[in-house]
Structures are given as C-alpha cells and as structure tokens.
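Fold and geometry: a report
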Amino acid sequence: MAPIRLLLALCLLLSGCSFAQDIVEEIQKLGDVIANQKTELMTSFEEMKTELKNEVAEMINGAKAEWEALNNSTRTDVATLKHLLDTDECNEMSHNCSSDASCIDTRVSFRCKCKPGFTGDGYTCEDIDECTERFRCGPHATCKNTPGKYTCSCDAGFQGDGKDCEDIDECALGSHKCHKYAVCSNTVGSYTCHCTLYHEGDGINCHEVDIASCASPFEPVRGVGCIHIIEKSQSYETSRRGCQKLGGDLFVAINSEHYLRLAKHFIDTNQASKKKYMWVGVKEGVWLSGRKVAPEEEAPRNPTMDSGTCSYTDGDTSEKFLLWTDPCSTDWWALCEKKI
Ligand SMILES: [Ca+2]
Ligand SMILES: [Ca+2]
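We now turn to the structure provided with this report. (Residues numbered from 1 in each chain as written. Chains lettered and ligands numbered in written order. Predicted model: local features only at pLDDT ≥ 70, side-chain atom pairs only at ≥ 80, totals over all residues. Heavy atoms only, no water.)

Time to look at the pairing of strand β1 (residues 101-105). Sheet analysis places β1 next to strand β2 (residues 110-114), joined by 5 bridges and oriented antiparallel. Bridging from a neighbouring strand, Ala101 pairs with Cys114 of β2. As consecutive antiparallel partners, β1 and β2 are separated by 4 residues. (Pairing = 2+ DSSP bridges. Helix = DSSP H or I, 4+ residues; strand = E, 2+ residues; numbered from the N terminus.)

Structure, rendered in structure tokens:
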C-alpha cells in the first residue's frame, strides 16, 4: 500500500487531484474484502483438512486389515486371493467391528466406521457425551446423555420439547396444590400460595383465624371478614358510596370458596330467606380487585357480564351463592365489607 500512498502524496502536492484518493480508498476496501475471504477460506480449509485426516486414517486402518488378512492367510495360491476377494466379511458377520460401528466391505477385507454419536477407530467406539457441550438443550431444560444420542427434557414447572421450554401456569391450569382458602400466584418455573383473608398458614394448609371484633355497623363472619348489609334499594354506584361512607366498600370475593363461605353464612342466619338482592363488588364481569368472575360464580341462566352491567347476589338460593347481573342503574340493597 506504501507506493500508492506515495503516489497520492505526489499527486496532492502537484495538482490536488481528489480522484487519486478515491482510488486508494477503493483499493483499501478491496484489501479488506480479500482479507475476509482469506479468513473464511482458511476456516473451511481447516475443516476439510480434519475431514480428510479422518478419511485417510480410516483408509490406513482398512489397508492394515487387508494386509493382515493377506499375511495371516495359510494359503498362498490364486485361490487364496480369490477367496479373500469374494468374501464379504460384513455380511458374513466375520468382522470384528465394534457393535457401535458400521462395517464397510473392501476388496480383500473390510473396514469399520463408528456410527453417528460415537467416536473411535471403528473397532472400539465410545459414546460421545453431547451433554458436556453447551447449548445442546434450551434454557430450563436438562440434557441426558444416552448411547449414541442424548435427550433434552424440560425442568419441573416447564413444558415443551426440551429445546423450547415454557413456564407452566399452574394457577390457570388448576394443577397447583394451594389450599382452597389460598390465592395462587404463578411464577416462572413454579407458583406460590397465600392464605386468603382471615385464614393463615403456609398456603398449602390454611386454617381459619378468629375475627375478634369489627367496627360498627360491620359484623364478623368467620372465614369471610367484617360484613354489613345496607338495607336500602339504590343504584350500584350509590350503594358503593354508601359502603365507602361507612369506611368499607362493596364486598369483593377473593375466590369462589370465599364467596361460597359467605353464602353459607347467609343460609345459616336466614338472610337468604329474605330474598333480597344485594350489589356486590363486580362491574362488567370483573371484581373490584381486578379478578375476572369465575364461571362457577355466575348464575347459569344469566352468565353474560356485558358492558354497563353490575352484579348482585341472589340471597334466596339454598345451596349456591351465584352472581346475577342487572344494569348498574337498578336499585338493590348493598353488601358491604370492611377490611380489618
Ligand atoms: Ca451420547
Ligand atoms: Ca409457573
């Protein structure tokens, strides 16, 4: 490149010609391209060399075997050669290749080649432990070495083919082991359980705790919380404001069990027999906590939670406590709760 730079320097000195600089830049670019191609060629050359070395090694082994076969033969006439030429050691199973190798018949003998997944000279083949190499399996998967192969299986808490493993949402699938009075939260690779309000424990086992007292006019309901009913027919929003004025809000179920627990209380205390409808904390199919109404919480004949609808409890059911919907402007009583 030095003579070109000299030429450029001279050219600039004499006439300030810019085209010479362009030429130098082009030549430099060309130099870079050639350097890259050289690197690529060297890489493929190295690969070819390794492949060729292996092939040659196999051929030498084969030739050695042929040589030994000839030397070991007790006969020295034409019939010997003919016999050797006609014999297919691979088919006759008279070869001594490894059981993990393929036998290849040659003119006077045979050669052995380790099967894919094995390494060696063909007479002795060892399994390749693919699991020692990184990235054989995907993230969140475990590699297991097997003879000639390997397997990838997703770790516990994940599902997939071993290359792509996705977290299992145990809470959505219902495959969790949370207690019925616990809330399940999905995590990557696992999940957690937390006992619901007025229950305590490790989430797998939850037991009820006593509610000592509630601020008036709220009353304690075991396993549910502090509850109060406003016995005045008003719209959803007005009912909610009524609960809030008392320091609480419309009742929000943490899960279906929590809800059924309150229903049982209403049946036990004859509240259900009053056949009064009460607004609860559900608007357009979503509890005020943000939880969507579960299918088992919806009344079977009124399952639509359309826009502009709010939910009330049908206190007159004898076994189930289900949500019904009405336009939010309808006037019903209010079922309030106050967090302790
Ligand atoms: Ca293997
Ligand atoms: Ca999970």
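Moving on from the model shown.
Glancing now at the environment of Glu284. Relative to the helices and strands, Glu284 resides in the loop between β16 (277-283) and β17 (286-287). Classification of Glu284 as partly exposed rests on a relative accessible area of 39%. Sequence separation between Glu284 and Ser307 is 23 residues; the distance between their C-alpha atoms is 5.4 Å. From its side chain, Glu284 meets the backbone nitrogen of Gly308 in a polar contact 3.0 Å long. (Buried < 20%, exposed > 50% of the residue type's maximum accessible area, 1.4 Å probe, protein only. Polar contact = N/O pair within 3.5 Å; in protein donor to acceptor, adjacent residues only side chain to side chain.)

What follows deals with the coordination of the calcium ion (ligand 1). Within the protein, Asp127 (OD), Asp127 (OD), Ile128 (O), Glu130 (OE), Asn145 (OD1), Thr146 (O) and Lys149 (O) serve as the donor atoms for the calcium ion (ligand 1), at 2.4 to 3.0 Å. Here the donor residues of the calcium ion (ligand 1) share one chain and are spaced in sequence as D-I-x1-E-x14-N-T-x2-K. You can see Asp127 sitting in strand β4 (residues 125-127) and its partner Thr146 sitting in strand β5 (residues 141-146), a full 19 residues away along the chain. (Donors = N, O, S within 2.8 Å, 3.2 Å for Na, K, Ca; no water.)

Under the criterion given, the structure shown has 12 disulfides. In this model, Cys178 is linked to Cys193 through a disulfide, with the two sulfur atoms separated by 2.0 Å. Because the sign of the S-S torsion sets the handedness, a value of about -80° for the bond joining Cys178 and Cys193 places this disulfide among the left-handed ones. Taken together, the positions of Cys178 in the loop between α5 (170-173) and β9 (182-187) and Cys193 in strand β10 (residues 190-195) put the pair 15 residues apart, joining distant regions of the chain. The buried category is assigned to Cys178, whose relative accessible area is 12%. Its relative accessible area of 12% is what places Cys193 among the buried residues. At a sulfur-sulfur separation of 1.9 Å, the disulfide partner of Cys214 is Cys226. Linking Cys214 and Cys226, the disulfide has an S-S dihedral of approximately -80° and is accordingly described as left-handed. With Cys214 in the loop between β12 (206-208) and β13 (219-221) and Cys226 in strand β14 (residues 225-234), the pair connects residues that are 12 residues apart, well separated along the chain. The pair formed by Cys214 and Cys226 is uniform in burial state, with each residue classed as buried. (Disulfide = S-S within 2.5 Å.)

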